[in-house]
Amino acid sequence: MSKRKAAETFELDPRTVRKMMENPEPPGYQRSKPVRLPKLGPFTGFIDQILKNDLEKIKKERHTAQRIYERLRDEYGYDGKYGAVKEYVRGKRLHLKEKFVPLSHAPGHAQVDFGQTHGVIGGVERKIHFFCMSLPYSDDSFVMGFPAETTEAFCAGHNAACDHFGGVPQSILYDNTSIAVVKVYRDGRRDLTEEMIRLQSHYLFDSRFGRPARGNDKGKVEGLVVYARRNFMVPAPRFESFDALNAHLRQKCLERRQQTLRGCQRSIGERFSTDQAAFLPLPPIPYDACEKVSAKVTSQALVRYRTNDYSVPVRYGFHDVQVRGYIHEVVIACGAEVIARHPRSYAREDAIYDPLHYLALLVVVQRKHDNRLSQNIS
């Protein structure tokens, strides 16, 4: 049967028969020219600019296709259909999506981030903030839970992570947390906090920072945050103390070293040995992981730290003191002398007293009372 005869028999276009003879499978339709947009065409530049500007904003503040259509209609007199705008926006957004090059990581470097979950500690349901340090080369990990994401937790996490790994990473990549960064300039320079500078000076690692609002810059530790939450803390953790929780998390990190990840020939533990060989040595002593602030003692012998009041001996009333906030303890010093220690409270506007701090004042009051009583009797 000829092609013409086949076209007549099966009621097909001769060009369709020719394509069927030339291709083992239907070649599909390929558009030779862009779709004409007679009504929307004059406005595509405006739409492109909106979508480009939206990339710099958080998702909640970006334009929807519906909102772009409404602006075109109300502000520029567009009289076309919403469907044309929707299809153009959808295609343009696919084109504007970020694409990435797969990276390889040199041994001896790390990434740090915090995550959050809920659990029960000491019988109290509360939010748990957990510190994560990931080694991108080996995929080894360290996770530690804290009552809050604070400066002292940030520093204590570094202490514990370096102890866990047996060395100090050559460099650590962070996001632009206010714990470490005071200001980010347009040219990429950053002013670091004093505590970050002290921590870096103690351990001698290089600090690196991702772009603002670009979590993929430290994708390894971002993945570790999700992995740790789903695998180490589901169901919700229940422990008597944060020390018990952290012993559990550390054991989970050690057990994970037995895994061999997809695409790797060696286990995490075997690759970790290469990371460890590239580490800087540990300093002789760990960093003093606390927040240091100056304060003044009130007339009631109280010192305020993080909205809470802590007592000191009454003889230090109106003195200038230094408060050192640790994870589970608040230490108050006057000059070189430590004058008070208290368990740390993470409540707000709480008051933590040591009755012995007021004993000297009570003795004076009692003596005055006794003297007045004896004078009245005489």
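What you see is a predicted model, and the numbers here were worked out from it, not measured in a lab.

**Student:** Would you explain the sheet that holds strand β10 (residues 302–305) in this entry?
**Tutor:** Within a sheet, neighbouring strands are paired by backbone hydrogen bonds and run either parallel or antiparallel to one another. If you trace the three strands from one edge of the open sheet to the other, you get β10-β11-β15, paired in mixed fashion. The sheet is open, and its two edges are formed by β10 and β15 (351–352), each paired on a single side. Inspection of the sheet shows strand β11 (residues 308–311) paired to β15 by two bridges, in the parallel sense. Across the sheet, the residue bridging to Asp 309 is Ala 351, located in β15.

**Student:** Even after reading the chapter, I still don't get the pairing of strand β1 (residues 109–121), so can you show me in this structure?
**Tutor:** In summary, the side chains of a regular strand alternate between the two faces of the sheet. Most of β1 sits inside the fold, with 10 of its 13 residues counted as buried. Summarising the sheet, β1 and strand β4 (residues 171–174) pair through three bridges and their orientation is parallel. Residue pairing in the sheet places Ala 110 in a bridge with Ile 172 of β4. Summarising the sheet, β1 and strand β2 (residues 124–135) pair through 11 bridges and their orientation is antiparallel.

**Student:** Explain helix α7 (residues 194–203) here, please?
**Tutor:** Given 3.6 residues to a turn, an α-helix orients residues that are three or four positions apart in the same direction. Listed as buried for α7 are Glu 195, Met 196, Leu 199, Gln 200 and Tyr 203. On an axial view of α7, the arc spanned by its buried residues comes to 130°, and they lie on one face. Considering only its buried residues, α7 is in contact with α6 (151–165), β4, β6 (190–192) and β7 (206–209). Positive backbone phi, approximately 70°, marks Leu 204, located one or two places after α7.

**Student:** Would you mind showing me how to read the state of the cysteines here?
**Tutor:** Formally, a disulfide is one covalent bond, and it connects the sulfur atom of one cysteine to the sulfur atom of another. Taken as a whole and assessed by the stated rule, the structure comprises zero disulfides. Counting only cysteine sulfurs, Cys 290 is the nearest neighbor of Cys 155, a cysteine outside any disulfide, at a range of 8.0 Å. Here Cys 162 stays unpaired: no disulfide links it, and the sulfur of Cys 155, its closest cysteine neighbor, is 11 Å away.

**Student:** Would you explain the nonpolar core in this entry?
**Tutor:** The nonpolar side chains of soluble globular proteins are, as a tendency, buried together. Among the nonpolar cores identified, the biggest contains 33 residues, and Phe 131, Met 133, Phe 146, Phe 154, Phe 165, Tyr 174 and Phe 205 are the most heavily contacted of them. Every element with two or more residues in this core is listed here: β1, β2, β3 (140–146), α6, β4 and α7. The residues contacting Met 133, other than those within four sequence positions of it, are Ala 110, Gln 111, Val 112, Asp 140, Ser 141, Phe 142, His 158, Ala 161, Phe 165, Pro 169, Ile 172 and Leu 224. Core analysis: the second largest hydrophobic core is formed by 18 residues, Tyr 310, Tyr 316, Val 321 and Val 330 among them.

Basis of the calculations
- Residues numbered from 1 in each chain as written.
- Predicted model: local features only at pLDDT ≥ 70, side-chain atom pairs only at ≥ 80, totals over all residues.
- Heavy atoms only, no water.
- Pairing = 2+ DSSP bridges.
- Helix = DSSP H or I, 4+ residues; strand = E, 2+ residues; numbered from the N terminus.
- Buried < 20%, exposed > 50% of the residue type's maximum accessible area, 1.4 Å probe, protein only.
- Arc of directions from axis to C-beta.
- Contact = heavy atoms within 4.5 Å.
- Disulfide = S-S within 2.5 Å.
- Core = buried A, V, L, I, M, F, W, Y, C linked by side-chain atoms within 4.5 Å.

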